[in-house]
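# Observations on the model geometry
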Amino acid sequence: MPAEVTWWGHATAVVRDAGATVLTDPLLVPRLGHLRRRRGVLPPPSVTAPDAVLVSHLHADHLHLGSLARLTAGTRVLVPHGAPDAVRGLRRLATRLDLLEVAVGDEVAVGPLRIRAVPAAHDGRRLPYGRRRTPALGYVVHGESRTYFAGDTGLFADMAEAVGPVDTALLPVGGWGPFLGPGHLDARRAAQALERLAPRSAVPVHYGTYWPIGMDAVRPHEFHAPGDEFARLAGRLVPWVRVHRLTHGETARTGTAG
């Protein structure tokens, strides 16, 4: 049976597979610093009671303490190894959440699922002041299907080998500003990553949700366009891959042939 993916904006998605639910990089607030949610309603309270939460790296739009604090007590939360030492607030949350530090290659059983940590090419430090270098991660959720959540990453040479065979790839295709630095995928590089990974389906994420306050009129196409551009480029490079370009809160059955 295919998995189901619901995208709630930015890198926040719910993956349902084999009767279990996984929440990725929860960001459940209308505003984060200078960023304001410009599209899509906030995820409903029901997302705060998953079987597991995957945190890809320490940047505040991926490891958001206020959002993690909303999770049901006892929720298992996978974080990169060293995260509690690097983020003081995470240590406080450990008193009510089941935090588990993982490194590349680690596998964790969550009910019927196996979750494997894989590498990501991204600066994993807590910015802007973080000194501790905590590796950024991606995750592969193994159930009745195999779903790759890339977190934030750039292309890297052995990406396909490191991730392994997958049925669905959740790939970042943009960001929250008009320019992307190194260690990110834009629509073009995400399509190239898709060509390397060769899944059966893909969901573009990490775009079109948060935008800096006061920049609404500056290069607005950079905010709106990455999902469509990714789908267009993927159609050229890997036309056999089904791209689900979801709106906020929309669900797709993934891992099925197009």
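See the structure shown above.
First things first, this report covers the structure right here in the doc.

Turning our eyes to something else, we now look at the packing of helix 5 (residues 187–197) against helix 7 (residues 226–237). Closest axis-to-axis distance for the helix 5/helix 7 pair is 8 Å, and the angle between their directions is 40°. Compared by their axis directions, helix 5 and helix 7 come out oblique. Two packed elements cross with a definite hand, and for helix 5 against helix 7 that hand is right-handed. Note on element contacts: helix 7 touches helix 5 through Pro226, Glu229, Phe230, Leu233, Ala234 and Leu237, opposite Ala187, Arg188, Ala190, Ala191, Gln192, Leu194 and Glu195. When the residues that make up the contact of helix 5 with helix 7 are grouped by side-chain class, the tally is 9 nonpolar, 1 polar and 3 charged.

This part is about the sheet that holds strand 4 (residues 31–32). Whether parallel or antiparallel, the strands of a sheet pair through hydrogen bonds between backbone atoms. With respect to topology, 3 strands assemble into an open sheet ordered 4-5-15, the strand pairing being antiparallel. The open sheet terminates on both sides in strands that have one partner only, identified here as strand 4 and strand 15 (210–212). Bridge count for strand 4 against strand 5 (residues 35–37) is 2 bridges, and the pairing is antiparallel. Directly across from arginine 31, in strand 5, lies its bridge partner arginine 36.

So, on to the pairing of strand 13 (residues 168–172). Looking along a regular strand, one sees side chains alternate from face to face of the sheet. Among the 5 residues that make up strand 13, 5 are buried, leaving the element largely enclosed by the rest of the structure. Side chains Thr168, Leu170 and Pro172 of strand 13 all project onto a buried face; the interleaved residues Ala169 and Leu171 project onto the opposite face, where all are buried too. Two strands pair when backbone bridges link them, and strand 12 (residues 146–149) and strand 13 are joined in this way by 3 bridges, in the parallel orientation. Paired with phenylalanine 149 across the two strands is leucine 170, which belongs to strand 13. With 5 bridges connecting them, strand 13 and strand 14 (residues 201–205) associate as parallel partners. By the bridge assignment, proline 172 is partnered in strand 14 with valine 205.

Read from one edge to the other, the open sheet built from 7 strands follows the order 8-7-6-3-2-1-17, with strand pairing classed as mixed. The sheet is open, and its two borders are formed by strand 8 (98–102) and strand 17 (251–253), each paired with just one other strand. Pairs of neighbouring strands in the sheet enclose a mean axial angle of 20°, with direction left out of account. Inspection of the sheet shows strand 1 (residues 4–7) paired to strand 17 by 3 bridges, in the antiparallel sense. Note that in strand 17 the partner of valine 5 across the bridge is alanine 252.

Counting 51 residues, the largest nonpolar core has Ile115, Tyr139, Tyr148, Val163, Leu171, Leu194 and Phe230 as the members making the most contacts within it. A per-element tally of this core places helix 5 first, with 6 residues. Leaving out residues up to four positions away in the same chain, phenylalanine 230 has contacts with Leu171, Val173, Ala187, Ala190, Ala191, Leu194, Ala202, Pro204 and Val243. Residues Leu28, Val53, Leu63 and Leu71 belong to the second largest nonpolar core, which totals 19 residues.

On inspection of all chains with the given rule, the structure shows 7 salt bridges. Across the pair aspartate 98 and arginine 76 runs a salt bridge, and its minimum N-O distance is 3.0 Å. With aspartate 98 in strand 8 and arginine 76 in strand 7 (residues 76–80), the pair connects residues that are 22 residues apart, well separated along the chain. Of the residues examined, arginine 76 reaches a relative accessible area of 25% and is grouped as partly exposed. For arginine 200, the salt bridge identified is with aspartate 167, shortest N-O distance 3.8 Å. With a gap of 33 residues between them, arginine 200 in the loop between helix 5 and strand 14 and aspartate 167 in the loop between helix 4 (159–163) and strand 13 connect regions that are remote in the sequence. Linked through salt bridges whose partners overlap, the residues forming this network are Arg146, Asp167 and Arg200.

What counts as what
- Residues numbered from 1 in each chain as written.
- Predicted model: local features only at pLDDT ≥ 70, side-chain atom pairs only at ≥ 80, totals over all residues.
- Heavy atoms only, no water.
- Axes fitted to C-alpha atoms, helices over the stretch in contact; angles between N-to-C directions.
- Helix = DSSP H or I, 4+ residues; strand = E, 2+ residues; numbered from the N terminus.
- Parallel < 35°, antiparallel > 145°, perpendicular 65-115°, else oblique.
- Left-handed = near helix turned anticlockwise from the far one by under 90°.
- Contact = heavy atoms within 4.5 Å.
- Nonpolar A, V, L, I, M, F, W, Y, C, P; charged D, E, K, R; others polar.
- Pairing = 2+ DSSP bridges.
- Buried < 20%, exposed > 50% of the residue type's maximum accessible area, 1.4 Å probe, protein only.
- Core = buried A, V, L, I, M, F, W, Y, C linked by side-chain atoms within 4.5 Å.
- Salt bridge = Lys/Arg side-chain N within 4 Å of Asp/Glu carboxyl O.

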